[in-house]
Amino acid sequence: MDFDLPENAAAVREGVLAIAGKYDQDYWSRCDADKRWPEEVWRELVQGGWHSLAIPEEHGGAGQGLLELAVALEALAEGGAGGAASFMYLLTPAFGGLTIARHGTEEQKREFLPRIAAGEIETCFAITEPDAGSNAMNITTQARRDGDGFVVNGQKIWISGVERADYLVLVTRTIPAAEAKPRTNGFTVLLVDIKQAVADGTLTYRPIPKLGTNTVASSMVFLDGVRVPADRVLGEVDQGFAVLWDILNPERILAAAGGVGSGDLVLKIACDYATERAPFGKPIGSNQGIAFPLARIKAQLELARLMTYKAAWLWDRGRPCGSEANIAKLTAADAAWQAADRAFQTHGGMAYSLEYPVARMFRDARIAKNIPVAEELVLAHIAQHELGLPRSY
């Protein structure tokens, strides 16, 4: 058993931290306030190849795995980005690069992966629907066979990054849920050319005003007769559930990595403040009422980090990792939220000021307990699959 990070992963961490170190909290606060993608950071990640770690070398990437992506995301969050880092590694590196590398045809890999590695195209992912919510089995967006392709109709909600993406990794039903036996049958995952569909008038989107993570927009997406060629299927028609799990598990693992990195960042901000602030003649961090809660959060973050790395390690080896991915996401999201909440309390009234980054991190941390899967569903999964309790949903 070896708990040292592989040399490649350690190098990734140092490389991404070096980029993150160039951008201070004022930069991230401005991006958030202006609802602007951190273009300067993204450009540096692309130029250094830090976004294409999981793309095979023959297609222009680094030939690494999910563990390296998780380490990169964690480092970017810890280095200053906080919650903004998660979408920078989920949208294109994971939803596009990782998924196509594992499930794309050879033709798809040759067409898309070099362009992703070069920073020429970006991707996003769409599964959630207004009426289905977290119940992916009940999605109703339909892909109907039509000649040499498919015609797609339906709606998606909370789709992040569609406004800047070139391709949408779209989860559809080619067999309605009521007719699918077993219920995991009938899913088909498609690569949709967003700009072509927008030009055709068959895809529109409407941004949703939201509380936090404002460096990327999240939108309602309307699909009204979107045409998708048959060679844009990822995996097999009607058998897309296998592809879907290889999207959802990495999504949870990367969300966990973002939570750990964000927690590390806001914990450091809180500790720095507690060391410097001395209104009663000594640093407030010398009081156990301040120090002990911060120390407990440090312990929680270290435990979440271990499970995040384990889940990524399992996925890279093609081994089952559903429970580990869920536990990593659950513990990291909670630790990140506790860190943000405690940082808020440590700063006192000044945490409410937008001059400090705590308010932004507080807002961004809260949503991680709900996405990419609500903690109640994670607990239901653990209860059923780890404890053997009766199914609750």
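Parameters at a glance
- Residues numbered from 1 in each chain as written.
- Predicted model: local features only at pLDDT ≥ 70, side-chain atom pairs only at ≥ 80, totals over all residues.
- Heavy atoms only, no water.
- Helix = DSSP H or I, 4+ residues; strand = E, 2+ residues; numbered from the N terminus.
- Rg over C-alpha atoms; globule rule 2.2 N^0.38 Å.
- Buried < 20%, exposed > 50% of the residue type's maximum accessible area, 1.4 Å probe, protein only.
- Lys, Arg positive; Asp, Glu negative; His and termini not counted.
- Salt bridge = Lys/Arg side-chain N within 4 Å of Asp/Glu carboxyl O.
- Contact = heavy atoms within 4.5 Å.
- UniProt positions renumbered as here; feature names shortened; annotations may be inferred.
- Polar contact = N/O pair within 3.5 Å; in protein donor to acceptor, adjacent residues only side chain to side chain.
- Axes fitted to C-alpha atoms, helices over the stretch in contact; angles between N-to-C directions.
- Parallel < 35°, antiparallel > 145°, perpendicular 65-115°, else oblique.
- Left-handed = near helix turned anticlockwise from the far one by under 90°.
- Nonpolar A, V, L, I, M, F, W, Y, C, P; charged D, E, K, R; others polar.

### Some details on the overall build of the protein
And step 1. When you go through the protein residue by residue, the secondary structure sums to 12 helices and 8 strands.
And step 2. Rg of the C-alpha trace for the protein: 21 Å, near the compact-globule value of 21 Å for 393 residues, within the 12% margin.
And step 3. Taking the principal axes of its C-alpha atoms as reference, the protein extends roughly 80 × 50 × 45 Å.
And step 4. The buried share of the protein, taken over its 393 residues, is 53%.

### Regarding the side chain of Arg-360
And step 1. Topologically, Arg-360 is positioned in helix α11 (residues 358–366).
And step 2. Lacking a salt bridge, the buried Arg-360 has Asp-364 as its closest oppositely charged neighbour, with an N-O distance of 5.0 Å.
And step 3. Among all residues touching Arg-360, those that are not within four sequence positions of it are Gln-25, Trp-28, Ser-29, Asp-32 and Ala-81.

### Some remarks on the UniProt feature "domain: Acyl-CoA dehydrogenase/oxidase N-terminal" (unreviewed entry) in the protein
And step 1. Within the UniProt annotation, "domain: Acyl-CoA dehydrogenase/oxidase N-terminal" (unreviewed entry) is assigned to residues 8–120.
And step 2. Across residues 8–120 one finds 70% helix and 0% strand; the C-alpha atoms that close the span lie 25 Å apart.

### Points about the side chain of Thr-123
And step 1. Checked against the element boundaries, Thr-123 lands in strand β1 (residues 123–126).
And step 2. Assessed through its relative accessible area of 4%, Thr-123 is described here as buried.
And step 3. Looking at Thr-123, its side chain comes within polar contact range of the main-chain oxygen of Leu-91, at 2.7 Å.
And step 4. Non-local contacts of Thr-123, meaning those with residues more than four positions away in its chain, are made with Leu-91, Thr-92, Phe-95, Gly-96, Ala-165 and Tyr-167.

### Some thoughts on the packing of helix α8 (residues 241–276) against helix α9 (residues 288–316)
And step 1. One way to put it is that α8 packs onto α9 with a least axis distance of 9 Å and a crossing angle of 155°. As summarised for this structure, α8 and α9 are arranged roughly antiparallel, according to the angle between their axes. Every pair of crossing elements has a handedness; the one defined by α8 and α9 is left-handed.
And step 2. A per-class count over the contact of α8 with α9 returns 17 nonpolar, 4 polar and 4 charged.

### Some words on unusual backbone geometry
And step 1. Omega for the peptide link from Lys-181 to Pro-182 comes to -5°, which places this bond in the cis form.
And step 2. The amide bond that connects Ile-371 to the next residue, Pro-372, takes the cis arrangement and shows omega of -5°.
And step 3. Within the fold, Pro-372 resides in the loop between α11 and α12 (375–385).
And step 4. Non-glycine residue Asp-238 carries a positive phi angle of around 70°.
And step 5. Turning to its location among the elements, Asp-238 is positioned in the loop between β8 (233–234) and α8.
And step 6. A relative accessible area of 23% places Asp-238 in the partly exposed class.

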